[in-house]
Amino acid sequence: MPEKKRKTPKLDELEKGAWPSFVKEIKTAAEKNAMADDLLGQLERSYEEKIGHWKHGGIVGVLGYGGGVIGRYSDLPEEFPNVSHFHTMRINQPAGWFYTSDVLRKLCDIWEKHGSGLTNMHGSTGDLVFLGTKTDELEPTFKELTDLGFDLGGSGSDVRTPSCCCGMARCEWACYDTMALTYFLTMHYQDELHRPAFPYKWKFKMSGCPNDCVAAIARSDMSIIGTWRDDIQMDKAAVTEYAKSGMNIQKDVVGNCPAKCMEWDGKEIKIDNKACVKCMHCINAMPKALSPGKDRGACILIGAKAPIVEGALLSSVLIPFIKLEPPYTELIELVGKIHEVWSENGKNRERVGEFIQRVGMGNFLEAIGVEPIPEMVAHPRENPYVFYEEYFEEEDNNG
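The rules we used
- Residues numbered from 1 in each chain as written.
- Predicted model: local features only at pLDDT ≥ 70, side-chain atom pairs only at ≥ 80, totals over all residues.
- Heavy atoms only, no water.
- Core = buried A, V, L, I, M, F, W, Y, C linked by side-chain atoms within 4.5 Å.
- Buried < 20%, exposed > 50% of the residue type's maximum accessible area, 1.4 Å probe, protein only.
- Helix = DSSP H or I, 4+ residues; strand = E, 2+ residues; numbered from the N terminus.
- Contact = heavy atoms within 4.5 Å.
- Arc of directions from axis to C-beta.
- Pairing = 2+ DSSP bridges.
- Polar contact = N/O pair within 3.5 Å; in protein donor to acceptor, adjacent residues only side chain to side chain.
- Phe/Tyr/Trp six-rings, centres within 6.5 Å; stacked < 30°, edge-to-face > 60°.

Of all hydrophobic cores here, the largest spans 37 residues; its most connected members are Trp202, Phe204, Met222, Ile224 and Ile338. At the level of elements, α6 (178–188), β8 (204–207), β9 (222–228), β14 (296–302), β15 (316–322), α12 (329–345), α13 (352–359) and α14 (361–368) are the ones that each hand at least two residues to this core. The element contributing the most residues to this core is α12, with seven residues. With residues near it in sequence (within four places) discarded, Ile338 still touches Trp202, Met222, Ile302, Leu318, Val352, Phe364 and Ile368. Counting residues in hydrophobic clusters, the runner-up holds 24 residues, among them Cys175, Val254, Cys257 and Trp264.

Next up on the list: helix α5 (residues 138–148). Those residues of α5 that sit buried are Leu138, Thr141, Phe142 and Leu145. Along the axis of α5, the buried positions cluster into a sector of 100°, meaning they face one direction only. For α5, the elements touching its buried residues are β2 (69–70), β4 (88–91), α4 (101–114) and β6 (128–133). Following α5 by one or two positions, Gly149 adopts a phi angle in the positive range, close to 100°.

Read across the open sheet, the five strands follow the order β7-β8-β9-β14-β15; overall the sheet is mixed. Both edges of this open sheet fall to β7 (163–164) and β15, since each of them pairs with a single strand only. Bridging between β9 and β14 involves seven bridges; their strand directions are antiparallel. Residue pairing in the sheet places Gly226 in a bridge with Ala298 of β14.

Quick look at the side chain of Thr141 now. Relative to the helices and strands, Thr141 is located in helix α5. A distance of 2.6 Å separates the side chain of Thr141 from the backbone oxygen of Glu137, its partner in a polar contact.

In this description, an aromatic ring pair is defined by two values, namely the gap between the centres and the angle between the planes. Enumeration according to the criterion identifies nine aromatic pairs in this entry. For the pair Trp202 and Phe204, a centre-to-centre distance of 5.7 Å together with 75° between the ring planes defines the contact as edge-to-face. Take Trp202 and Phe204: they sit in the same class, and that class is buried. Taking the centre distance of 5.8 Å and the plane angle of 45° together, the rings of Trp202 and Trp342 count as tilted. With Trp202 in the loop between α7 (190–194) and β8 and Trp342 in helix α12, this residue pair connects regions lying 140 residues apart in the sequence. Side by side, Trp202 and Trp342 carry an identical accessibility label, which is buried. Through a chain of ring-to-ring contacts, three or more aromatic side chains come together here, namely Tyr189, Phe198, Trp202, Phe204 and Trp342.

Structure below.
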């Protein structure tokens, strides 16, 4: 227990203004937790000196696991002894982030007992993030977590904790069962999740429809986005109701269609479904009148990442449409081929998107046995001098 209130003038500034502050939460925890109190002290020092006083601790974790714990140590252990070790634990979250309040209380009780009591609900990958504990507390924490039915998530060069939107549990637009697939992938890739063996991290993220509520297209190595391949379903009577209620259908719906595949004659909407790019705008604008088609599945995209070594990448289309139903054989075979090629040829700390950039999409597709198709083209070609293998084969045969 802290003996007296620590003076933190720099951090106090971050509590001012209209927005909630992380400083307030640390101060609340510090009232009864010595780790949180020393954290305030070290953080204040960092603001004063403009130097981060954390050092990475290399490999630290629980027995049998290579991932799930991020080692962190203070470089001022004599001054702030209670944060001399301040390891982070990633806890594998339930699919769709569904909890009971009772389970959340039990999780927080475990962390107040063994760590700083500070959490991040949720980390950018999806995990519950437990911030700050000592090395000796890792195994006891892990024991209590597993007794509660939880496991550690991914960290390092492994499969990171798969995450998804709530899917069919709460969303009428979901084109496949995101939560079922997330659970399946989590269980199927247990070894890859807990024991890092890749060139760098691999993230699965599942969104049930093109609204992409988990931002998979910007953040995951493999984005699995729900879509459909037949016509958008339309309730013409509901369209009329929207028009009568004052909606400017021409301006707000048809005029905003990026594919320009819609027409409005004042009475009916006509959709050229072959030209539709499944952006969801019209469905979002008129949810009572329009909905995804009945032939539903997913589009698989590959290669997104945030800027670390190289710049940010958005996902590229790999498989325009796939039916996603148990036992997910086609998906697992595809992922297996990608992992094999990337693991064999990828450089250290090279995400799969960077690997594809380096070797070229054509070479990558050939290596994993996938035929190139127009949907994979990110933008019109820059080089007019393109030669095809068929051209050379024909020349050889004639020669």
